Each structure stands twice: as C-alpha cells, then as structure tokens.
Amino acid sequence: MIQLYFGLGAICGGFVTYLVTDAKLQKELIKAAKVARSASDNLHSVINKYEASKAKTAKLNSELSALKDELKEARNTINSLGHTKIENSVMVAHLNSKLDEYQAKLTQIFTQSQKDKQKIEYLESEIEQWEFNFKSAVDAEANKRFQLAKQTELEKIYSEHDSITTEAMQLFRRLQNWSEKVAHGHASKAEIIKSLASGYNQNLDEVSKAITSERQNYLEQIELLNERIAQLQRELQGDLLEPVYGEFGFDANGRIANAIASWLWFQKQIPLKVTGIEETDSVVTAGYGYSRTMSPEAIAKLIKDCSPEITRNLGIYSVESAKKLAVTDCLVVKFRKDRPARKADKGSLYRSQQDFINYLLSQPIRWRIVGEPGAGKTPTVLVLMSHIFKRGFLTGNTPNGKKLDFTEIAFCNSLAGISVKNSTDLDFCLRWQSAGRGFQGLADEYQFRKSSTNSNYKDSVGYIWVCDEFDNAIDTVGNDGGKQFKQVLKDGGHINMGVIIMGQSGMVSTTKGLTIDDQKMLTNVYIDPVSIRTFLTQYGDRFYSKSAVEKALATLEQIELEMEEQNEIICDTAREFRIAMVTADRSPVFYQLPYFDGIDIDLAGYQESLAQIAVIRKNLLIDVPLVCPQCQSQNFKKNGRSQGKQRLQCLDCGKNWLRD
C-alpha cells in the first residue's frame, strides 16, 4: 500500500510537471506564431517592393535601351557627317585647284587684253592723223578753187552792175520830176481837207460836250429820285434811314450807348435807335430799336463778333452780351464801363488745388480730361501722374486698396511727332503712335491679366492706359475698339487696370461705341472755361437739375473775372491761374488746377521699375510641367472630376489629386 501510494504520488508529480511544461511551450508557440506572421507580412511587403522595383528597373532598362538606340543613331549621324565633311573637303580642294587654274587663265587674258588695248590706241592715233592730213588737203584744194570761182563771178557781177546802175539813174531822174509835180498837187488838196476837217471836229466836240452834260444832269436827277423812292419805301416798311440817338445829357452810360450806335453806323452801315439805358451791379443795359428788314439775331451776332473792336475804340471794359428780347422788338446790349473793383465771390462750388488732387486720388483711375487745344491737358495729366507715382497704384483701383509693388504707364498718341501743338511731356511713357495699335495694346493687356496663370503679375503691377486725342482715336477704331474700352471700364478694377483719356469733345456719341451711361463711369474733368460752358449749356440738363446748372454757370462767370485779374500780372505761364470743373454726383464742382511747375517724377526710377516689370512678365512665360505631388512622376491619367476640378491619378504610386 505504501508502495502504491508512492507510485501514485510519483505519477501525479510527473503529470503536474508535464502540464506546467506544456503551458510554457504553448506560450512559446504562440509567440513563435506571431513572429512568423510578422515575418510573413514583412516578406510579402518586401516581395511587393521587389516587384515594384523590378517594374521600375524594367522601365529604366527600356528607357536605357531607347537611349542606347538614340545614341547609336546619333553616332551613325556623326559618322555620316564625318564622311560628308571629308567628301566636302576633297571637293573644296578640287574646286580650289580649278579656281587657281581659272585665275591663271584670267590673268593671261587680262594681259593679252592690255596689249590689244595699247595696239588699238596706237591705231586710233594713226587714223586720227590720216584723217587730219586728208581734211587739210581737201580744205586747201577747195579754198583754191573757191577763190578762182569767186574772182570770175565778181568780174561778171561788176560788169552787169555798171549797166544796171546807168539805167537806174535815168529812171530815177524821170521819177523825181514826176513826183515833184504830184507832191505839189497833193499839198494843195491837203490844205483844203485840213481846214474843212478842223471846223467839223470843233463843231462835233461842242455838240458831244453838250450832250454829255445834259445826260449827266438826267442821271443825277434819276439817282436822287431813286434814293428818295428807296427812303420812302423804307419809311413805309418801318426801317431806319440813319441812327437815332437818345437824349441823355451828360450821363456817361448814355453817351456810351449812343457811341455804340454811332460805331455800328459808320463802320457797318447799320442804323439803330437808342431807346434807353439801365445800370445794375456795374453792368449797363442799353436798348436799341432796329429796322424791320434786318434780322435782330444777325445784328446781335455782329455785335458779339465785333465786341473787341468796340471796347477798344470806345475805351470801355467789355461788351458782355447782345440779344433780342423775346417779349418785344428790342435789341439789348450789356456792357461794363469799368473793370469790377472787387474780386468775385465764388461761393460753395469752388475748391483749392490740393482739394483737386485729393478728390481725383479718391476716385478710381478712370479719368477723362476735356479741354480746347492749348488748354493744358497734357501738363495736367503729368501733374496727376506725379501724384500717382508717389501714392502708387492701389489694389482693385479703389482708394482703400493695398499699394502694389509697381505702376506702369502706357501712352497712346496718334499725333506724336506730327502736330505742332502737340506736347512732348509724356514721351517718356509713349508706346503707340497709332490709334489702332494703342487700342489693340489695351485689349492684349486686358486678356493677359484675365488669364489665371498670370495672377501673380496682375497682383504686383498696376497698369494705366493713357490716350490723347481720344475722340479721333475711338472714331478710327470703331465699335470694336469702343467695346474693348468699355470692358476695361467695367472690369478693369478686378485686374488692376485704369484709364486716363484726353480730348476736346464734351461728349462722345453712341455711334462711337460709348453711351451716356458709359460717360458716368468716368470722372470727367473740364479744364478751360469754353469746354465748361459748352458742357453746362448743351449736356448739363442730362446730368443735373436746372437750378444746379444755373448756379454753376453763375459761379463760372465769377471765377472768370478773378482769372483775368490774376493772370494779367503773371509772367510765368506755368503758374497761371487755371480752373477745372469735375462732374460730381449731385452738382458740378470747380477747382483751381495745380501749378504746372510742381511736377516731380523720378524718370530714372521709373525706367528701373519698367525693367523689373519686364523680368516679372518674362518669368510667367516659363512652362512648369505637371507632376505627381507625392512621387514627382509625370505618368498619370484623368480620374473623373470633383468639386468642379479635374481629378488625376498617378500610375506609379496611385496618388489621387485635384488639378488647380
């Protein structure tokens, strides 16, 4: 029993030991299995990478094989060129030998020609000598024979002359006797005829004088009767026969009114009747009656045209206006006897030079400068450019935008180098001397900036297109040019473009591609009184109320008086007092223009900026290849669209991405 017990104990202990050992082995087996699986995964990964590397190696081998083929073909080409070069060298050597041979023959021929030339010259001299000798012999023989014939002929002529002379003398003596008898008879008859003719002519002159005197008397009486009849007819029609002056005593204004009527009568043969005078604020209004057969509008126009002569001859300050009253048949002439003693009160519509600069810089650069020839459009634009360069072109062409790095000015002037009145102040940025090319340049710049690939250039460089003689230029290019210009007006702010145009016309008709709505997109600046008055009287009611236009015209008259006073004492034309009118939203506003001697532009710095702009523009032309963003491979395909963009898939690494 004891043995059995011990035996069972030994068996139980071994079994327990086996169980413990088996548990450890199971853990080791599990750990080994995990390691095996990890090794298997790593092996599969290595196999995949090996396959990928094998594919890349095969691709590189194919490319290497293609390069070897190309290299072999290049070597064959080089060998072929070498053979060709050798053959050409042999041919050149052969041609050189032929050339030497021909050169020797040419030298031999030239030598022979020189010898032949000398021989020809010798023979020509011999021929000339023979000709001279022959001619001398012929002349001597001919002279000898001529002298002999001459002597024989002279002897014959002398003998015949003697006989003819004798007969002629006999005939002359007989003719002389007969002529003396005839002359005596003619002389007696002539005396009788002369006496009769003298008496007849004397009587005829007296009769002619009497008839002429009587006829002149009749003509004078007829002329007087015609004049009297004409006067009676004009009186019946209500016409004036001569001036009728007013009774004003010692009133100076009345005397001037009479003097105006007197000047028109003696200088232009126009009779007027002075009906009265009235003075208001130093302006004298004189009323005149006129003949019914004369047009009052024509008389008023004549007075306006002759106003400088009238003021100079009568010694008055100015003739303000002349017109016919609508309510009665009376012609009204307004004049100033003396210069106004006080300066004008310009009122609330007038601003300073700095206000002018500040206002324009607060507007998008879409400016139109209007003025008569010689009014100073180009210098005004140059002053504005100097301020633009100092401030810089702003993003979006708005006053609140960010300053761009560069500003470029492109000037189009179809009269550059042609017109004697044309200024050269803007030649530093002159690019086109043809209207067609200028508008095409504007269109090209617009399209270039619209491209998304040039966004960096658009965001770095502000572009201002300047055009002189815009009225004629847009008329030349027609509707296509006008359409492109309108696109820049509407969309130029989005791509940092601005325009400045100059011209003489107050408005541009719709037939040239622009409408009144297009005009309202521009900041219109009128820089001389003639253009300002033309705009207000012809187009003002399309933009402003009647009261606003009347107030602007009154302000203009006041400013003109001050302009005349100040400019009389100014010698430097660059510092003359000039005005501008800007067509603002509610009412036109007047500004004093900046002096033209305040222009400050760094031309050297501007040229350097143009060079930098050219570099930026050139770099945009480099073609950047499209590659995979992960492996930089160019081997890809299209894989549908997403978010409105093209999706691409790399064939090497499988990467998907959206094309910008």
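Residues numbered from 1 in each chain as written. Predicted model: local features only at pLDDT ≥ 70, side-chain atom pairs only at ≥ 80, totals over all residues. Heavy atoms only, no water.

Once that is clear, we can look at the overall build of the protein. Scanning the protein from terminus to terminus reveals 14 helices and 16 strands. Here the protein, with 660 residues, has 29% of them falling under the buried criterion. Partitioning the contacts of the protein with sequence separation of at least 6, the portion at a separation of at least 24 is 64%. When the accessible surface of the protein is summed, it comes to about 44,000 Å², and 55% of that surface belongs to carbon and sulfur atoms. (Helix = DSSP H or I, 4+ residues; strand = E, 2+ residues; numbered from the N terminus. Buried < 20%, exposed > 50% of the residue type's maximum accessible area, 1.4 Å probe, protein only. Contact = heavy atoms within 4.5 Å. Areas by Shrake-Rupley, 256 points an atom, 1.4 Å probe, with all protein chains shown as cover.)

With that settled, the discussion passes to the packing of aromatic side chains. Counted under the stated rule, the structure contains 14 aromatic pairs. Judged by centre distance (5.7 Å) and plane angle (40°), the ring pair of phenylalanine 535 and phenylalanine 543 falls under tilted. The class of phenylalanine 535 is buried, set by a relative accessible area of 2%. Residue phenylalanine 543 is classed as partly exposed on the basis of its relative accessible area of 22%. Grouped by ring-pair contacts, the aromatic residues Tyr526, Phe535, Tyr539, Phe543 and Tyr544 constitute a single cluster. (Phe/Tyr/Trp six-rings, centres within 6.5 Å; stacked < 30°, edge-to-face > 60°.)

Attention shifts here to the pairing of strand S4 (residues 331-336). With respect to burial, S4 is a largely interior element, five of its six residues being buried. Relative to S4, strand S2 (residues 283-289) is paired through six bridges, and the arrangement is antiparallel. In the sheet register, alanine 286 faces S4, and the bridge partner there is valine 333. Relative to S4, strand S3 (residues 318-324) runs antiparallel, the two being bridged by six bridges. By the bridge assignment for S4, valine 319 is matched with phenylalanine 335. As consecutive antiparallel partners, S3 and S4 are separated by six residues. (Pairing = 2+ DSSP bridges.)

We now examine the nonpolar core. Nonpolar side chains tend to gather and get buried jointly when the protein is soluble and globular. Counting 37 residues, the largest nonpolar core has Phe356, Leu426 and Val466 as the members making the most contacts within it. Going through the elements one at a time, helix H5 (353-361), strand S6 (366-370), helix H6 (377-391), strand S7 (406-412), strand S9 (461-467), strand S10 (497-503), strand S12 (579-583) and strand S13 (588-592) are the ones with two or more residues in this core. In terms of residues, this core owes the most to one element, H6, which gives six residues. With residues near it in sequence (within four places) discarded, leucine 426 still touches Thr378, Val381, Leu382, Met385, Phe411 and Met502. (Core = buried A, V, L, I, M, F, W, Y, C linked by side-chain atoms within 4.5 Å.)

A word on a nonpolar patch on the surface. A cluster of nonpolar side chains, contributed by Tyr218, Leu219 and Ile222, occupies part of the molecular surface with about 290 Å² of accessible area. Locating tyrosine 218 in the fold gives a position in helix H1 (residues 2-237). Tyrosine 218 gets classed as partly exposed once you look at its relative accessible area, which sits at 47%. (Patch = residues over 30% accessible without salt bridge, like charges linked within 9 Å, V, L, I, M, F, W, Y side chains within 5 Å. Salt bridge = Lys/Arg side-chain N within 4 Å of Asp/Glu carboxyl O.)

What follows covers the pattern of salt bridges. Counting across every chain of the model gives nine salt bridges. Where arginine 431 meets glutamate 408, a salt bridge forms, and the shortest distance between an N and an O atom there is 2.6 Å. You can see arginine 431 sitting in strand S8 (residues 430-432) and its partner glutamate 408 sitting in strand S7, a full 23 residues away along the chain. Using a relative accessible area of 7% as the deciding quantity, one classes glutamate 408 as buried. Residues glutamate 445 and arginine 449 are paired through a salt bridge, measuring 2.8 Å at the closest nitrogen-oxygen approach.

Relative to the elements of secondary structure, asparagine 524 occurs in strand S11 (residues 523-526). Using a relative accessible area of 5% as the deciding quantity, one classes asparagine 524 as buried. When the C-alpha positions of asparagine 524 and isoleucine 501 are compared, they lie 9.7 Å apart, and in sequence the two are 23 residues distant. With residues near it in sequence (within four places) discarded, asparagine 524 still touches Arg368, Gln519, Met581, Val582 and Thr583. Polar side-chain contacts of asparagine 524 include one of 3.3 Å to the backbone oxygen of leucine 522. (Polar contact = N/O pair within 3.5 Å; in protein donor to acceptor, adjacent residues only side chain to side chain.)

This part is about the sheet that holds strand S5 (residues 350-351). Here we have nine strands laid out as an open sheet, ordered S5-S13-S12-S11-S6-S10-S9-S7-S8, and mixed in their pairing. Two strands bound the open sheet, and with one partner strand each, they are S5 and S8. Running over the sheet, helix H11 (residues 529-538) touches S6, S11, S12 and S13 and is turned about 30° from S12. Those strands touched by helix H13 (residues 546-567) are S5, S12 and S13, and its axis lies near 10° from that of S13. (Axes fitted to C-alpha atoms, helices over the stretch in contact; angles between N-to-C directions.)

What follows deals with unusual backbone geometry. Even without being a glycine, asparagine 496 presents a positive backbone phi close to 60°. Following the sequence through the fold, asparagine 496 ends up in the loop between helix H9 (470-491) and S10. Classification of asparagine 496 as buried rests on a relative accessible area of 2%. Not every positive phi belongs to a glycine, and glutamine 632 is a case in point at roughly 65°. Here glutamine 632 shows up in the loop between helix H14 (603-619) and strand S14 (636-642).

Time to look at helix H2 (residues 252-268). Look at H2: 24 Å from first C-alpha to last across 17 residues, which is about the 24 Å you get at 1.5 Å a residue. Listing the buried residues of H2 in full gives Asn253, Gly254, Ile256, Ala257, Asn258, Ile260, Ala261, Trp263 and Leu264. Its side-chain oxygen 3.0 Å from the backbone nitrogen of asparagine 253, aspartate 251 forms the N-cap of H2. Immediately beyond the C-terminal end of H2, within one or two residues, lies glutamine 269, with a positive phi of roughly 55°. (Expected span 1.5 Å × (residues − 1).)

In this section: the pairing of S11. Both faces of S11 are covered, namely the face carrying Thr523 and Val525 and the face carrying Asn524 and Tyr526. Summarising the sheet, S6 and S11 pair through four bridges and their orientation is parallel. Bridge pairing in S11 links isoleucine 369 to valine 525. Judged from the two bridges that link them, S11 and S12 form a sheet pairing that is antiparallel. The partner of valine 525 across the bridge, within S12, is valine 582.

Another aspect to go through is the confidence of the model for the protein. Scored by pLDDT, the protein comes out at a mean of 80, with 84% of its residues at no less than 70. Here H1 stands out as the least confident element of the protein, with mean pLDDT 72; S9 is the most confident, with 93. (pLDDT = per-residue confidence, 0-100.)

Before going further, it helps to examine the sheet that holds strand S1 (residues 273-280). Strand pairing within a sheet occurs via backbone hydrogen bonds; the two strands may be parallel or antiparallel. If you walk across this open sheet you meet the four strands as S1-S2-S4-S3, and the pairing is antiparallel. Only two strands of the sheet have a single neighbouring strand rather than two, namely S1 and S3. In this sheet, neighbouring strand axes are inclined to one another by 20° on average, regardless of whether the strands run parallel or antiparallel.

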